[in-house]
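Observations on the model geometry
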Amino acid sequence: MSTVSGWLRGWLLLAGLSLSPAVLAEVLLENQLWRVQVDPATLAVRVEAAGAAPVQASAGVLRHKVSDMVRRGNRIEWQWDDGRWLLSVDLDQRDLTFSITANSPSQIEFIHQPASAMGQALIWPLAEGRYVPRGDRVWQKFLLAQGALDTTQDLSLPLWGMEYEKFSLHWLLTNPYNNQLRFKTNGDALGLSARHRFTSLEPSKPLTFSLFLGDVDPLAGAKRYKQWLIESDQYETLANKLIKTPQAAKLIGAAHVYLWGNDLLGPDDVRNWPLLIARLRGSGVLVSELRAAMDPEALRLLASETVLNRYQQTVMLRSLNRALNVQARKTWQARAVPDMQALVKGYAEVREQLAVVLKDTLAPDPARWGRTLSRRTIERLQGAGLSRLWLGLGEGWEGGLWHPETVRAAVSAGYLIAPYDSYETALREDENPDWATAHLGDRANTECAIVEENGALKSGFQQSGHYTDPRCVRPLLERRIDAIQKVAGFNSWFLDAYAAGMLFDSYRPGAPMTQAQNAAGNIAASRWINEVLQLPSGSEDGNAATAQGVLFAHGMQTPVIGWGDRDMHQPDTADFFVGQWYPPEQPAVFFKPTRLKADYRRVHFAPVSRLPLYQAVFHGSVITSHHWLFDNLKLSDVRVENELTQLLYNVPPLYHLSAASLDQRLPLIVRQDRFFRPLHERLATQALTAFDWLSEDRLVQQTTFADGTRLLANFDAAPRNWQGRTLPGHSMTALLADGSDSQYRVQAAP
């Protein structure tokens with residue numbers, strides 16, 4: 001350091017001074033931990049941690065004209081392009097904090113991270129978290145193929161990091177909205193760029209982000225982000241949530257189970273098939289309307305004189321159940337605004353009429369009708385010793401309106417039971433009647449639709465209907481949930497997509513909405529369900545920007561994999577086809593065992609690539625599990641890795657159940673429950689404080705929790721020795737804070 005430059009910096013520490021870029025092309029900020037050089041014209045950032053080689057964290061963006069630069073200590077402020085943007089950088093201990101404010105709508109690149117900055121590995125928030133080693137071609141191919149990444153929807157946490165020999169660096173996007181990231185490669189390393197859009201809805205909203213200097217700890221950035229959430233009053237512990245929603249205590253220790261086959265009638269409900277067929281051929285208003293809604297195959301069976309075999313009975317029962325749904329929906333679907341009282345009464349009225357019209361053909365007590373959603377199923381679950389469960393009705397709340405007695409039996413058994421409900425998309429009256437939960441009425445479809453900047457209404461999920469403004473559909477949400485809950489008796493709720501970080505700007509005249517307001521609307525809806533209705537609510541994924549309102553989320557442990565991959569979604573690709581959404585009582589997409597392509601196995605399930613980043617932030621706040629497309633039993637070739645990681649991170653398993661699969665799946669659920677439930681009862685409210693690789697090959701891993709409990713996973717098929725203790729192959733060892741321990745071995749096949 002020259003005498004002149006040292007004198008100049010010392011003088012600037014004493015008094016703010018307006019500087020010309022000709023005087024100081026790069027600005028040096030430093031403290032005892034690190035030195036940072038910032039180029040005000042390009043935002044290039046070069047850092048040098050104490051005792052380590054320098055790193056070019058950002059190579060800078062296109063050069064801008066710099067003016068009105070002022071320095072006060074380790075903070076600088078200046079303008080770009082004659083005041084078009086106002087910028088500041090502040091060094092405080094381990095945080096280098098940036099702020100950029102625009103004076104008009106615009107887009108800007110703000111980080112240009114060169115491949116050389118990758119260091120030894122990239123720490124990436126894909127779902128729970130991933131460790132991406134430098135030079136890994138599979139990872140390079142995967143990340144490049146992602147294209148532009150949205151930082152609220154495509155990242156579980158708005159951060160990423162780079163690991164070096166003596167330290168780590170972590171970018172934190174404290175304004176996570178309207179950002180896009182894109183990867184590029186250079187040789188064996190990955191670089192990335194970050195862009196932000198200042199919209200016309202709120203052009204003066206600052207873009208804020210920071211660079212954090214961490215220790216050699218892959219969780220360092222996640223821990224800093226959690227601290228920032230706490231400091232900015234955006235973090236709530238699970239313990240505090242339980243005070244506000246006491247029923248949520250039933251989530252602790254509970255496995256999550258979706259039930260399929262929730263229509264009105266099951267095969268055991270038909271006592272006299274010949275008489276049933278005869279009645280369905282007869283006259284009368286109800287049977288005529290049911291016949292009108294049956295499919296051609298069932299109508300051919302009705303028209304024939306054939307005695308139905310087992311397959312034909314199944315065809316007939318499916319068609320009859322579908323016709324019953326159509327009949328009940330007539331009271332409320334295809335309306336400008338659904339009549340909620342007609343909705344909740346319609347199913348019971350159809351059931352009551354059916355019991356009269358088909359008397360002597362069906363079991364005498366309609367309260368015990370049903371296939372999977374039946375009292376028989378609840379009794380089986382109780383008899384197996386499962387004291388804690390979250391039960392979800394994957395087909396929505398219609399099953400609960402058909403079977404309120406079963407819902408109440410589940411509640412009496414101590415379980416939480418919830419419908420899968422949808423408000424993110426509002427369908428037109430002529431669209432997919434079987435997606436009943438998305439039928440919010442024609443008024444919501446148009447008046448609550450997201451309006452794009454060009455004035456078009458934004459198409460909804462899979463180009464159906466329109467995506468909605470949560471503030472606009474909120475009154476409808478409140479009326480419908482309240483009405484259904486009172487009749488069906490649900491004691492929990494699940495909102496499709498509300499915590500998935502899928503956020504929109506809406507340019508509706510008189511009712512504009514920013515992505516931040518979209519997030520706030522989703523969070524507020526979930527909180528209303530939790531705190532006003534006292535129904536523990538969950539949603540999809542649990543991404544950070546929308547995680548505040550939910551108690552639980554599905555999709556963080558295993559996310560959606562291969563969306564858009566033809567080999568996984570076309571029936572003619574047998575090796576990797578996940579299955580169809582059929583039959584309705586046991587959809588193959590959930591129940592058919594499936595193998596994964598090798599690259600997907602590497603990216604999503606290789607133990608050496610996984611990190612509990614999300615749990616380092618949200619364990620002890622949000623309870624997460626798998627996405628329902630990939631439950632504990634779906635992926636046959638990664639079952640061991642899947643279950644061990646789930647247990648290591650202390651998150652609940654998720655399963656699908658049908659009446660036909662109970663015998664096979666129930667023993668598997670019970671087996672893990674005996675190990676997982678007592679651990680989760682101990683740890684659910686505890687923070688995950690550390691993660692360690694205990695072997696050079698990283699196949700022995702350890703998580704540590706705030707109470708001192710340690711969980712050790714051996715991902716190797718062979719036993720491993722650690723500190724005089726034998727860890728069996730494919731096992732989990734729990735070392736509790738009180739000195740006790742327990743072990744569990746994963747079964748490779750069910």
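Before reading on, note that the structure itself is shown above.
Residues numbered from 1 in each chain as written. Predicted model: local features only at pLDDT ≥ 70, side-chain atom pairs only at ≥ 80, totals over all residues. Heavy atoms only, no water.

Focus on the overall build of the chain
Counted only if it meets this: The way it works is that DSSP assigns letters per residue, a run of H or I at least four long becomes a helix, a run of E at least two long becomes a strand, and they are numbered from the N terminus. Throughout, the radius of gyration refers to the C-alpha atoms, and the reference size of a globule is 2.2 Å times the residue count to the power 0.38. Burial classification: accessible surface area is computed with a 1.4 Å probe over protein chains only, and a residue below 20% of its type maximum counts as buried, one above 50% as exposed, and the rest as partly exposed. Here a residue-residue contact requires only that any non-hydrogen atoms of the pair lie within 4.5 Å. Methods summary: accessible areas were calculated by the Shrake-Rupley approach with a probe of 1.4 Å, and residue burial reflects only the protein chains presented. His is not counted, nor are the chain ends, whereas Lys and Arg count as positive and Asp and Glu as negative. Where a charge lies is defined by one atom per residue type: Lys uses NZ, Arg uses CZ, Asp uses CG and Glu uses CD.
Regarding its fold elements, the chain presents 21 helices and 35 strands. Taking 750 residues into account, the globule formula puts the C-alpha radius of gyration at 27 Å, and the chain, at 29 Å, falls close to it. C-alpha extents for the chain along the principal axes are approximately 105 × 70 × 50 Å. Looking at the chain as a whole, 59% of its 750 residues are labelled buried. Long-range pairs, those at least 24 residues apart, make up 67% of the contacts in the chain between residues at least 6 apart in sequence. By element, 50% of the accessible surface of the chain is carried by carbon and sulfur atoms, the whole surface being about 28200 Å². Each charge sign in the chain was given a centre, from 76 positive and 79 negative side chains, and these centres are 2 Å apart.

Quick word on the packing of aromatic side chains
Aromatic rings considered in pairs are described by the distance between their centres and by the relative angle of their planes. To be explicit about the condition: Aromatic pairing here means that ring centres of Phe, Tyr or Trp (its six-membered ring) are within 6.5 Å. Orientation follows from the plane angle: under 30 degrees is stacked, over 60 is edge-to-face, and everything else is tilted. Whether a charge sits over a ring depends on NZ of Lys or CZ of Arg being within 6 Å of the ring centre and within 35 degrees of the ring normal.
The final tally for this structure, using the stated rule, is 35 aromatic pairs. Summarising the aromatic geometry, the rings of W260 and F590 are spaced 4.5 Å apart at their centres and angled 25° between planes, so their arrangement reads as stacked. Of this pair, W260 sits in strand β19 (residues 255–260) while F590 sits in helix α17 (residues 588–591), and the two are 330 residues apart along the sequence. For the residue pair W260 and F590, the accessibility class agrees, reading buried in each case. One aromatic cluster in this structure is built from Y258, W260, W390, Y420, F494, F552, W581, F590 and W628. The positively charged end of R698 is found above the aromatic ring belonging to W693, 3.9 Å away from the centroid.

Details of the sheet that holds strand β27 (residues 623–625)
In plain terms, the rule: Should DSSP find at least two bridges between two strands, the strands are regarded as paired. Working convention: axes come from line fits to C-alpha atoms, limited for helices to the stretch in contact. Angles between N-to-C directions cover 0 to 180 degrees.
Taking strand neighbours across the sheet as the criterion, the eight strands line up as β27-β26-β25-β24-β21-β20-β19-β28 in an open arrangement whose pairing is parallel. Edge positions in the open sheet fall to β27 and β28 (654–658), since each of these has one partner strand only. Across this sheet, the average inter-strand angle for adjacent strands is 25°, counted without regard to direction. This element, helix α21 (residues 662–683), spans β27 and β28 of the sheet and lies at about 150° to β28.

Quick word on the environment of S283
Turning to its location among the elements, S283 is positioned in the loop between α5 (273–281) and α6 (285–293). Its relative accessible area of 69% is what places S283 among the exposed residues. Considering only alpha carbons, one finds S283 and L87, 196 residues apart in sequence, at a separation of 78 Å.

So, a nonpolar patch on the surface
Short version of the rule: In this scheme, patches are assembled from residues that exceed 30% relative accessible area and form no salt bridge. Like charges are connected within 9 Å, while nonpolar side chains (Val, Leu, Ile, Met, Phe, Trp, Tyr) are connected within 5 Å. Salt bridges are identified by distance alone: a Lys or Arg side-chain nitrogen within 4 Å of an Asp or Glu carboxyl oxygen.
On the surface, a nonpolar cluster with roughly 290 Å² of combined accessible area is contributed by F461, V560 and W563. When its relative accessible area of 35% is taken as the criterion, F461 is described as partly exposed.

Describing the environment of Q586
The line we're drawing: Pairs of N or O atoms are called polar contacts if they sit within 3.5 Å, as long as, within protein, a hydrogen donor faces a hydrogen acceptor (for residues adjacent in sequence, only side-chain-to-side-chain pairs).
Mapped onto the secondary structure, Q586 falls in the loop between α16 (566–569) and α17. For the pair Q586 and L381, spaced 205 residues apart in sequence, the C-alpha to C-alpha distance is 18 Å. Contact partners of Q586, with chain neighbours within four places excluded, come to F591, S658, A660 and S661. Among the polar contacts made by the side chain of Q586, one reaches the side chain of S658 at a distance of 2.4 Å.

Quick notes on α5
Put simply, the rule reads: For this quantity, the arc is that covered by the directions from the helix axis to the C-beta atoms.
What α5 keeps buried is the set W273, L276, I277 and L280. The buried residues of α5 occupy one face: seen down the axis, they fall within an arc of 95°. Contact partners of the buried residues in α5: α6, α7 (296–303) and α8 (310–329). Two to three positions downstream of the cap, the backbone nitrogen of L275 sits 3.0 Å from a side-chain oxygen, assigning the N-cap of α5 to N272.

As for the pattern of salt bridges
In a structure, side chains of opposite charge can pair up when their charged atoms sit close to one another. Using the criterion set out here, one finds 41 salt bridges in the structure. Salt-bridge contacts for K486 lead to D482; the nearest nitrogen and oxygen are separated by 3.2 Å. Of this pair, K486 and D482 both sit in helix α14 (residues 470–488), four residues apart, which is roughly one turn of the helix. Ionic contacts of the salt-bridge type, sharing partners, join the residues R72, R75, E77 and D90 into one network.

Some thoughts on helix α9 (residues 340–357)
As a reminder of what qualifies: To estimate the expected span of a helix, subtract one from its residue number and multiply by 1.5 Å.
For α9, spanning 18 residues, the distance from its first C-alpha to its last is 26 Å, which sits close to the expected 26 Å at 1.5 Å a residue. Listing the buried residues of α9 in full gives M340, L343, V344, G346, Y347, V350, R351 and L354. Where α9 is buried, its residues meet α6, α8, α11 (398–402), α12 (404–412) and α14. Structurally, the start of α9 carries an N-cap: the backbone nitrogen of Q341 is 3.1 Å from a side-chain oxygen of D339.

Some words on the state of the cysteines
Just so we agree on the cut-off: The rule for a disulfide is simple: a pair of cysteine sulfur atoms within 2.5 Å.
Under the defined criterion, the tally for this structure stands at one disulfide. At a sulfur-sulfur separation of 2.0 Å, the disulfide partner of C448 is C472. Taking the sign of the S-S torsion, about -65° here, the bridge from C448 to C472 comes out left-handed. On the criterion of sequence distance, the pair formed by C448 in the loop between α13 (442–447) and β23 (466–467) and C472 in helix α14 is long-range, its members being 24 residues apart. Take C448: its relative accessible area is 7%, and that puts it in the buried class. Taking relative accessible area as the criterion, C472 reaches 31% and is therefore assigned partly exposed.

Structural notes on the sheet that holds strand β17 (residues 189–198)
Sheet strands associate in pairs through backbone hydrogen bonding, adopting either a parallel or an antiparallel arrangement. Spatially, the four strands line up as an open sheet ordered β10-β17-β16-β13, and their pairing is antiparallel. What marks the edges here is a single partner per strand, and that holds for β10 (106–113) and β13 (149–150). Bridge analysis of β10 against β17 gives seven bridges, and the strand direction is antiparallel. Bridge assignment links E109 to a residue of β17, and that residue is R195. Along the sheet, helix α2 (residues 137–145) makes contact with β16 (179–186) and β17, crossing β16 at roughly 145°.

Things to note about unusual backbone geometry
Following Y582, the chain continues into P583 via a peptide bond in cis, with omega recorded as 0°. Counting through the fold element by element, P583 comes out in the loop between α16 and α17. Backbone geometry places R698, a non-glycine residue, at a positive phi of 65°. Here R698 shows up in the loop between β29 (688–693) and β30 (700–705). In this structure, H730 takes a positive phi of about 50° despite not being glycine. Tracing the chain through its elements places H730 in the loop between β33 (725–727) and β34 (731–735).

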